There are 2 protein chains.
Amino acid sequence: MKNVLTIALLISTNMVGNAQLNHGYPIDPVSFTSVTVTDSFWGQRLKASREVTIPLAFSKCEETGRYENFVKAAHPSDTYKVEGLSFDDTDVYKTIEGASYSLQTYPDKKLQKYIDSVLVIVAAAQEPDGYLYTARTMNPKHPHNWAGKERWVAVENLSHEFYNLGHMIEGAVAHYQATGKRNFLDIAIKYADCVCREIGDGAQQKKLVPGHQIAEMALVKLYLVTGDKKYLDQAKFFLDARGYTSRKDAYSQAHKPVVEQDEAVGHAVRAAYMYSGMADVAAITGDSSYIKAIDKIWDNIVSKKIYVTGGIGARHAGEAFGNNYELPNSSAYCETCAAIGNVYMNYRLFLLHGDAKYFDVLERTLYNGLISGVSLDGGSFFYPNPLASNGKYSRKPWFGCACCPSNVSRFIPSLPGYVYAVKDNQVYVNLYLSNKAELIVNKKKVVLEQETGYPWNGDIRVKVAQGNQEFALKLRIPGWVRNEVLPSGLYSYADNQKPTYRIIVNGQETANTLNNGYLSIERKWKKGDVVKIHFDMLPRIVKANEKVVDDKGRVSVERGPIVYCAEWPDNKCNVHTVLLNQHPQFKVVEKPELLYGISQLKTDAQALSYDKNGKLITKDTELTLIPYYAWAHRGEGDMKVWLPIDVSAASALPQEVQKWEDNGFFKN
Amino acid sequence: MKNVLTIALLISTNMVGNAQLNHGYPIDPVSFTSVTVTDSFWGQRLKASREVTIPLAFSKCEETGRYENFVKAAHPSDTYKVEGLSFDDTDVYKTIEGASYSLQTYPDKKLQKYIDSVLVIVAAAQEPDGYLYTARTMNPKHPHNWAGKERWVAVENLSHEFYNLGHMIEGAVAHYQATGKRNFLDIAIKYADCVCREIGDGAQQKKLVPGHQIAEMALVKLYLVTGDKKYLDQAKFFLDARGYTSRKDAYSQAHKPVVEQDEAVGHAVRAAYMYSGMADVAAITGDSSYIKAIDKIWDNIVSKKIYVTGGIGARHAGEAFGNNYELPNSSAYCETCAAIGNVYMNYRLFLLHGDAKYFDVLERTLYNGLISGVSLDGGSFFYPNPLASNGKYSRKPWFGCACCPSNVSRFIPSLPGYVYAVKDNQVYVNLYLSNKAELIVNKKKVVLEQETGYPWNGDIRVKVAQGNQEFALKLRIPGWVRNEVLPSGLYSYADNQKPTYRIIVNGQETANTLNNGYLSIERKWKKGDVVKIHFDMLPRIVKANEKVVDDKGRVSVERGPIVYCAEWPDNKCNVHTVLLNQHPQFKVVEKPELLYGISQLKTDAQALSYDKNGKLITKDTELTLIPYYAWAHRGEGDMKVWLPIDVSAASALPQEVQKWEDNGFFKN
């Protein structure tokens, strides 16, 4: 089944058997298996994922008793104490998913065999009717079996039985496509059939929806891989019944029917997964009310609820979206899983709408708030990704709630799938990294080769290595080149620089106008054609909308897609007592030996301190910045993304007083 | 009925008829009618209250249709639109209460007549069975009559029918005691009887509690004035049923039975009134479970939920207490009514326990967060009392929700009642201001005269003008003299100064030890005896517990009982961009011509700004501070109580990161 031309593995997939089902999106994904990464930046990340993250996740599943839970469920006993979390099974499924992706580009018989052995115990834990949830099955009488005295009774709350189903399907589909073997897929189908039988709108069924979404996306995949429409219907049921069951809270996006929602609220991962599931269902069914809702929600996120790092979910309480403009820095939650969910959502909206603005959000998330979640060596992880630290925070090799490490295990290997997309005779180039890609355009093969030092420089060379035919090469001109931090007014470039770009096709400069953020080169391409792209890589100063009180009087600094931060090892001064001068100039210093190769930014700044009499003084200092994703690799210490620059605003108050004075309550 | 010797007007009172009922507190209050204020600081406030605040409140009641509501209720009509708020009637009752207090020390026939005419329309609005709630009576069919289709159905939520009863009783008792006339008292008794009939634990009764407390305190007063125990029982029912009716939220302190509560939560005014009501009931019934609960709640407030100004209720949302240590400055709510409630609560705890620590809280609230709520001229009011402002906030002459102005109307005239208290042959001197007081000690008259320039200087002269007998004069040595900001570790003095005090009795220095914060002088006193008290009035630097993230790296400054702030008119620099040097020295500058006479504090400080190249620089500047209560009298502008002093901490991060890292959720 390894097939470098598989279209759209993540979204659509071949049906079991032969018939081809369509994912419904107007734009076709180009699977990661079609893209061979030759890049140093991402190559290093993929290698770390393959060689460190995935093996580590498997060993942690073993070491922490996650495998043992399946063994226990295979032989239930009143004596078993249900420990751990209700969704521990999913770490096994998610790691198998990541390993399956890895297997598709790096076949590994030993790994295959290991997975098969894990799947034997997974299968053994399944109850005869398909139900597979070790926390309950191992000892249904245990007072803390998460699921309660009967199946499903806690599914909208604590038990995560449908969440487990979702990750099981995601893992099983990936494993089936990587290996052609049905040993995981059949388990997932059996559990999915059990859920489809027992849960729904029917008289004999229970009307319940997932407490934690993901089954919606997963069931669409199962529909596409099996051709059985009941899975699609079940996904749609899970969405449409939301807000109509007894659970009606914003925390789990059940405060109103999904099609009436217009603001991102509640648990950020659940939310992003749900919006992604809505896109998947809408792509197939053409349901415009879903699309209308997620378009509004996306607008709300990018204009009021996203960090400059692309992170989402401001609050620790409930791991949730905050209010509009509630974007604290040191207490930013920005769960790694939520960043992954944000990529899922923006990718799907791109496939629906074909606008580069979704990839502006995706790229910002990818290079900053997402990969910050895993160490450069692949061996330790952030759960939250704060934008400032007082030095008491570091990545850990695993967590009691291990969703983030196992999610990283499955996300990173899929990264090459986000580089290209195809629609009829249009080829979208969405990300820039060195790679060789085999695409199908108008049913004919086109091979493209990218060479670049991105994200450290803005020069990219795209060569047509194969493919004599007419097609449009649509190059995404990133938002940061178009002087737009994000497709909203939430952040803006505060400096007066205007980066430019140049596109040279076979030595000839083109000046085509942009359409939806793409520069399209339409021609009859032939082997050996070369497109040279240059993006100005100016260090840029970003300020936040003044409603973001936590960034008031502060700026962040970025270059290309990379958001920078000040961290303690590079600076003599305390990064929390340094202020930028009013018109900082930044110089770029390449550091190939530091943190797997980075570019630093340096500028003059003022450190505040006291003289021997206790009088406050300023001292000239050089401030060094490093990429945000690379912080916390050299021990615990202070870090800061948003740097004070405007003394009056920095010390000034939030506009709270004015805000409440205007509410009319105090007026006569 | 005007009787300068009336004991304990606020708490106990003479029974209608003759029998004396006891308020139950071990310590007897000394009524404000027994204390003639000759003070310049408080004399000015009392004059402003009498001449400006009370007349203004009456004219606003008239102008805004509050009287008209009673007229409409006297002649109900389907055509009446119910406007305003559900508790607008109480502004009338509260202003009558304040005016009644005023009448007791400043008889005024015109004012008496005016009140009588108001009471005619109040009486006319009462339904035959006693129910008196104009918003419903004027048009019971109006969809927005607040009370709903039937009486009481919204009483735990919107309608405030019991809150109206509470303020009616408070006003009626005061009016009865001031004038001896029953025209208000009989209205209140009739409404109270209606509530006692319809609400309770009986089979024919509705089991409901007040949405907004105050009826508890008020019914105890009605019991003491009438001798009818059913009012005491009703007060106790309102307390004991709380947490057992359908309303069970923390917002209205109904999340659990009152005796199980141990943290101050929810709406701060409701809370403080409830705790005060619990003390009143417990004093009479001896119910130790009430006292145990309010003792714990008091501990929680003073150690985790009170501002340095004595303000309580941190949050605008719900006008509520925040979490422990949640004490933001610019968005501090600190409702004026909550400060008044805080005085009520601490006064009652003093009467129960006889410890000066309650008066430390009371004095801090009184001189800072309470009187800041009313302008020096008595004509405009703060609803919230923030500890920092960006200049968009000023006092207003009235509010749509006018609880604070009318509460100030009734509080300020009662102030002299907080100066003294008596227990057997012990005389407590709790507050220091120039006055002449006639006390009853061991059934014999004692006249004391205080002379002082307090709070601007710490010299007080107490003369025994009458009273040859043996008694203990118990002088409160304020917490700020005992080096204790509050009776908890929430705030502490950061300087190394040790203020001292001296007590000289007839020229002879005494060095008695303190007991519960009091220095007791026991002797056979005779006319002409003089006690001279000296408290060191050092400007002091206060820092907050490090858990108060909003005060991190900052200090506040105080002198005597007065908390200071930096305000724009006194300073060349922007008060939000100025930092104190590490070891600031403050000099005291008397300004008798400024803001009705204040002492300023001045110190060297550093203002941050930029040179012409945009480089950050510090500039020497003189920072001038004024009393917090006196801010916002010279136009809108910046103000700040907590001043940055520690650069590393001031710019440093809250400890949030560490906090959530420790919650175990992320641990393996």
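Parameters at a glance
Along each chain, numbering runs from 1 in the same order as the chain's sequence is written. In the order they appear in the text, chains get letters beginning with A and ligands get numbers beginning with 1. Whole-chain, interface and lining totals are the exception, using all residues; otherwise, since this is a predicted model, local features are given only for residues with pLDDT of at least 70 and side-chain atom pairs are given and counted only at 80 or more. Only hydrogens and water are set aside when side-chain values are computed; all heavy atoms of the structure are taken into account. Comment: elements are numbered from the N terminus, with helices defined as DSSP H or I runs of at least four residues and strands as E runs of at least two. Radius of gyration here is computed from C-alpha atoms only, and the compact-globule reference equals 2.2 Å multiplied by the residue count raised to the power 0.38. We call two residues in contact whenever any of their non-hydrogen atoms come within 4.5 Å of each other. The Shrake-Rupley method, run with a 1.4 Å probe sphere, supplies the accessible areas, and residue values consider only the shown protein chains as cover. Note on charges: Lys and Arg go in the positive column, Asp and Glu in the negative column, and His and the chain ends are not counted at all. Every charge is mapped onto a representative atom, which is NZ of Lys, CZ of Arg, CG of Asp or CD of Glu. Exposure classes here rest on a 1.4 Å probe applied to the protein chains alone. A residue is buried below 20% of its type maximum, exposed above 50%, and partly exposed in between. Strand pairing is assigned whenever DSSP detects at least two bridges linking the two strands. UniProt positions are given in the numbering used here, feature names are shortened, and annotations may be inferred rather than shown by experiment. An expected span of 1.5 Å times one less than the residue number is assigned to each helix. Under this scheme, a helix contributes an axis fitted over its contacting stretch, all axes are lines through C-alpha atoms, and angles between N-to-C directions fall in the 0 to 180 degree range. For this analysis, a salt bridge means a side-chain nitrogen from Lys or Arg found within 4 Å of a carboxyl oxygen belonging to Asp or Glu. The domain boundaries here were taken from an automatic or database domain assignment. Here the quantity called buried area is the accessible surface, traced with a 1.4 Å probe, that two parts lose on coming together, added over both. Only Asp, Glu, Lys and Arg are considered charged in this grouping, and only Ala, Val, Leu, Ile, Met, Phe, Trp, Tyr, Cys and Pro are considered nonpolar; every other residue, Gly among them, is considered polar. Throughout this description, a polar contact denotes any pair of N or O atoms lying within 3.5 Å of each other; where both atoms belong to protein, one of them has to be capable of donating a hydrogen while the other can accept it, and for residues adjacent in sequence the pair is counted only when both atoms sit in side chains. Note on terminology: disulfide denotes any pair of cysteine sulfur atoms within 2.5 Å. If an angle is under 35 degrees, it is roughly parallel; if it is over 145, roughly antiparallel; if it lies from 65 to 115, roughly perpendicular; otherwise it is oblique. Each crossing gets its handedness from the near helix: less than a right angle anticlockwise from the far helix is left-handed, clockwise is right-handed. Centres within 6.5 Å are what make two rings of Phe, Tyr or Trp a pair, Trp counting through its six-membered ring; a difference in plane orientation under 30 degrees is then read as stacked, over 60 as edge-to-face, and the rest as tilted. We count a charge as sitting over a ring when the NZ of a lysine or the CZ of an arginine lies within 6 Å of the ring centre and within 35 degrees of the ring normal.

Draft legend 1. Region of the structure containing the overall build of chain A. Broken down by element type, chain A carries 16 helices and 24 strands. For chain A, the C-alpha radius of gyration of 25 Å lies close to 26 Å, the compact-globule estimate for 668 residues. Across its three principal axes, chain A shows a C-alpha extent of roughly 75 × 70 × 55 Å. Taking contacts inside chain A between residues at least 6 apart in sequence as the whole, the part at least 24 apart equals 69%. In the structure as shown, chain A presents an accessible area of about 22800 Å², 49% of it carried by carbon and sulfur atoms. Charge-centre separation for chain A: the mean point of 77 positive side chains lies 2 Å from the mean point of 73 negative side chains.

Draft legend 2. Representation of the pairing of strand 6 (residues 435-441) of chain B within the structure. All names here are of chain B. Here strand 6 shows a buried face lined by Asn 435, Ala 437, Leu 439 and Val 441 and an unburied face lined by Lys 436, Glu 438 and Ile 440. Alignment of strand 2 (residues 35-37) against strand 6, held across three bridges, turns out to be antiparallel. Bridge pairing in strand 6 places Val 37 opposite Asn 435. When strand 6 meets strand 7 (residues 444-452), the two strands line up antiparallel, connected through seven bridges. Note on strand 7: the bridge partner recorded for Val 441 is Lys 444. The hairpin formed by strand 6 and strand 7 contains two residues between the paired strands, and Asn 442 there has a positive phi angle of roughly 50°.

Draft legend 3. Just the UniProt feature "domain: Non-reducing end beta-L-arabinofuranosidase-like GH127 middle" (unreviewed entry) in chain A, in detail. On the UniProt side, "domain: Non-reducing end beta-L-arabinofuranosidase-like GH127 middle" (unreviewed entry) is annotated at positions that read residues 426-537 of chain A here. Structurally, residues 426-537 of chain A is divided into 0% helix and 56% strand, and its ends, taken at the C-alpha atoms, are 27 Å apart.

Draft legend 4. The environment of Val259(B), seen in detail. All names here are of chain B. Along the chain, the position of Val 259 falls in the loop between helix 9 (229-240) and helix 10 (268-285). As for Val 259 and Arg 242, which are separated by 17 residues in sequence, their C-alpha atoms are 9.7 Å apart. With residues up to four places along the chain from it excluded, the contact list for Val 259 reads Ser 289, Tyr 290 and Ala 293.

Draft legend 5. Structural detail: helix 6 (residues 161-179) of chain A. Residue and element names in this part refer to chain A. Over its 19 residues, helix 6 extends 27 Å from the first C-alpha to the last, a length consistent with the 27 Å expected when each residue adds 1.5 Å. The buried count for helix 6 comes to 19 of 19 residues, which makes it a mostly enclosed element. The positive-phi residue at the C-terminal boundary of helix 6 is Gly 180, with phi of around 75°.

Draft legend 6. How the structure looks around the sheet that holds strand 11 (residues 501-505) of chain B. Residues and elements named next belong to chain B. The strand order 2-6-7-8-15-11-12 describes an open sheet built from seven strands, whose pairing is antiparallel. The strands lining the two open edges of the sheet, one partner per strand, are strand 2 and strand 12 (508-510). Between one strand axis and the next, the sheet turns by 20° as a mean value, whatever way the strands run. Where strand 11 and strand 15 (residues 530-535) come together, five bridges link them in antiparallel fashion. Bridging from a neighbouring strand, Tyr 501 pairs with Phe 535 of strand 15.

Draft legend 7. Looking closely at helix 12 (residues 336-353) of chain A. All names here are of chain A. Here helix 12 is 18 residues long and its end C-alpha atoms lie 26 Å apart, about the 26 Å a rise of 1.5 Å per residue gives. Of all 18 residues in helix 12, 17 are buried, a share of seventy percent or more. A positive phi of about 65° marks Gly 354, the residue just after helix 12.

Draft legend 8. Seen up close, the pattern of salt bridges. All names here are of chain A. A complete count under the given rule lists 78 salt bridges over all chains for this structure. Among the ionic pairs, Arg 315 bridges to Glu 326, the shortest N-O distance being 2.7 Å. Note that Arg 315 is positioned in the loop between helix 11 (288-305) and helix 12 and Glu 326 in the loop between helix 11 and helix 12, a separation of eleven residues in sequence. According to the relative accessible area criterion, Arg 315 is partly exposed, its value standing at 29%.

Draft legend 9. Quick look at the domain arrangement of chain A. Residues and elements named next belong to chain A. When its domains are assigned, chain A resolves into domain 1 (28-418), domain 2 (422-493 + 500-535) and domain 3 (542-656). Put simply, the middle of domain 1 and the middle of domain 3, counted by C-alpha atoms, are 35 Å apart. At the junction of the two partners, domain 1 supplies 31 residues and domain 3 supplies 26 residues. Summing the contributions of domain 1 and of domain 3, the shared interface buries around 2500 Å²; its carbon and sulfur component is 59%. A per-residue breakdown of the area domain 1 buries against domain 3 is headed by Val 308, Tyr 325 and Leu 376, which together make up 24% of the total. Scanning the region where domain 1 abuts domain 3 turns up one salt bridge. Here Glu 558 ties to Arg 364 by a salt bridge, and the two come within 2.9 Å at their closest N and O atoms. When grouped by side-chain class, the residues that make up the side of domain 1 that touches domain 3 number 13 nonpolar, twelve polar and six charged.

Draft legend 10. Just the side chain of Gln450(B), in detail. All names here are of chain B. Residue position: Gln 450 is located in strand 7. With a relative accessible area of 1%, Gln 450 lands in the buried category. Within the structure, Gln 450 has its side chain in polar contact with the backbone nitrogen of Leu 433 (distance 3.0 Å). Every residue in contact with Gln 450, bar those within four places of it in the chain, is listed here: Thr 38, Val 419, Tyr 420, Val 429, Leu 431, Tyr 432, Leu 433, Ser 434, Asn 435, Ile 460, Arg 461 and Val 462.

Draft legend 11. Spatial organisation of the sheet that holds strand 9 (residues 469-476) of chain A. All names here are of chain A. The mixed open sheet is built from six strands, whose spatial order is 1-4-5-9-14-13. Two strands in the sheet have a free side with no partner beyond their single neighbour: strand 1 (28-29) and strand 13 (514-515). Bridge analysis of strand 4 (residues 420-423) against strand 5 (residues 426-429) gives four bridges, and the strand direction is antiparallel. Residue pairing in the sheet places Ala 421 in a bridge with Tyr 428 of strand 5. Each of strand 9 and strand 14 (518-525) is contacted by helix 13 (residues 356-370), which is oriented at about 50° to strand 9, the strand it contacts most.

Draft legend 12. Summary view of the side chain of Ser102(B). Position of Ser102(B) among the secondary structure elements: in helix 3 (residues 88-105). You can call Ser102(B) buried: its relative accessible area is 7%.

Draft legend 13. How the structure looks around the state of the cysteines. Counted by the stated rule, this structure contains zero disulfides over all chains. Here Cys337(A) is not cross-linked by a disulfide; its sulfur's nearest cysteine counterpart is in Cys404(A), at 3.5 Å. A residue is classified by how much of its surface remains accessible, and Cys337(A), at 2% relative accessible area, is buried. Sulfur of Cys61(B): no disulfide; nearest cysteine sulfur belongs to Cys403(B) and is 13 Å away. Taking the relative accessible area as the measure of exposure, Cys61(B) reaches 0% and is therefore buried.

Draft legend 14. Summary view of the packing of helix 3 (residues 88-105) of chain A against helix 4 (residues 109-124) of chain A. All names here are of chain A. At their nearest, the axes of helix 3 and helix 4 sit 11 Å apart, and the two run at 155° to each other. When the interaxial angle is binned, helix 3 and helix 4 end up roughly antiparallel. You can see that helix 3 and helix 4 cross each other, and the crossing is left-handed. Counting all contacts with helix 3, which are made through Val 92, Tyr 93, Ile 96, Ala 99 and Leu 103, the residues of helix 4 involved are Leu 111, Gln 112, Ile 115, Val 118, Leu 119 and Val 122. In terms of residue class, the contact of helix 3 with helix 4 is built from ten nonpolar, one polar and no charged.

Draft legend 15. The arrangement of the packing of aromatic side chains in detail. Counting across every chain of the model gives 76 aromatic pairs over all chains. Between Phe350(A) and Phe359(A) the ring centres are 5.1 Å apart and the planes differ by 85°, which places this aromatic pair in the edge-to-face class. There is no split in this pair, since Phe350(A) and Phe359(A) are both buried. An aromatic cluster is defined as three or more aromatic residues linked by ring pairs; in this entry it consists of Phe41(A), Trp42(A), Tyr367(A), Tyr432(A), Tyr454(A), Trp456(A), Trp480(A), Phe535(A) and Tyr629(A). Sitting over the ring of Trp525(B), Arg523(B) keeps its end group 5.3 Å from the ring centre. Against the face of Tyr493(B) rests Arg540(B), its NZ or CZ located 4.0 Å from the ring centre.

Draft legend 16. Structural view of the pairing of strand 18 (residues 562-567) of chain B. All names here are of chain B. Of all six residues in strand 18, six are buried; the element is thus mostly enclosed. What you see with strand 18 is no split at all: Ile 562, Tyr 564 and Ala 566 on one side and Val 563, Cys 565 and Glu 567 on the other are buried throughout. Strand direction decides the pairing type here: strand 17 (residues 554-559) and strand 18, joined by two bridges, are antiparallel. Bridged to Arg 559 within strand 18 is Ile 562. In this antiparallel pair of consecutive strands, strand 17 and strand 18, the connection spans two residues, and Gly 560 shows a positive phi of 60°. Sheet topology places strand 18 next to strand 22 (residues 616-627); three bridges connect them, and they run antiparallel. Each residue of the ladder has a partner; that of Ala 566, found in strand 22, is Leu 625. Two strands pair when backbone bridges link them, and strand 18 and strand 23 (residues 638-640) are joined in this way by two bridges, in the antiparallel orientation. Residue pairing in the sheet places Ala 566 in a bridge with Lys 640 of strand 23.

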